[in-house]
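Understanding the architecture of this molecule
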Amino acid sequence: MVERLDLTFAALADPTRRAMLASLASGERSVGELAAPFAMSFAGAAKHVGVLERAGLVERRRAGRQQLCRLKADRLREADQWLRQWEQFWNASLDRLEAIIAEDKHD
C-alpha cells in the first residue's frame, strides 16, 4: 500500500496531471483531448498519462487509432483515506489548543 501511495502522490504532484484527472472525472477522453488545453504534443501528453497509468489512476485502451483514457478512482480513495487520518490528528490537536486558549482566558 505504501508504494501505491507513493506513486499516487507523485502523480498528483504535477498540476498538468491533476488537470488531466479533473478532465477525466467527467468521462473518457483521448490522449489528444487531454493534451489540447496544454498546447503539448501527443508524446508529452502520453508521458503524463503513463505516469497516471502506472499510479493506477488511469486506464488506457485503444479504439482504432485513438488511445482513450478513463479515470480509476480507487487509488484516489486510498489516498483520501490516508489523508483523513492526518485530518483527524490535526483536528484533535487544534481542539486541544482551543481548550488551552479558552482555559487561559478564564484564568
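Structure shown above.
As a starting point, this report considers the structure included with it. Predicted model only: the values in this text are computed from it and were never measured. (Residues numbered from 1 in each chain as written. Predicted model: local features only at pLDDT ≥ 70, side-chain atom pairs only at ≥ 80, totals over all residues. Heavy atoms only, no water.)

Quick word on the sheet that holds strand β3 (residues 66–71)
A sheet is described by the order of its strands in space; here three strands give the open sequence β1-β3-β2, paired in antiparallel fashion. Across the chains shown, the open sheet's two edge strands, defined by having one partner strand only, are β1 (29–30) and β2 (58–63). Of the pairings in the sheet, the one linking β2 to β3 comprises six bridges and is antiparallel in character. Paired with A63 across the strands is Q66, a residue of β3. (Pairing = 2+ DSSP bridges. Helix = DSSP H or I, 4+ residues; strand = E, 2+ residues; numbered from the N terminus.)

Concerning the nonpolar core
Grouped together as the largest cluster of nonpolar side chains are 16 residues, with contacts concentrated most on V49, L52, L57, V58 and C69. Counting residues per element, the ones that place at least two in this core are α1 (2–12), α2 (15–24), α3 (31–35) and α4 (42–54). Sort the elements by how many residues they give to this core and α4 lands first, with four residues. Setting aside anything within four residues of it in sequence, one finds L57 in contact with T8, A11, L12, L21, L52, R70, L71, K72, R75 and L76. (Core = buried A, V, L, I, M, F, W, Y, C linked by side-chain atoms within 4.5 Å. Buried < 20%, exposed > 50% of the residue type's maximum accessible area, 1.4 Å probe, protein only. Contact = heavy atoms within 4.5 Å.)

As for the side chain of S30
Residue placement: S30 occurs in strand β1. With a relative accessible area of 7%, S30 lands in the buried category. Those residues in contact with S30, other than ones at most four positions away along the chain, are Q66, Q67 and L68.

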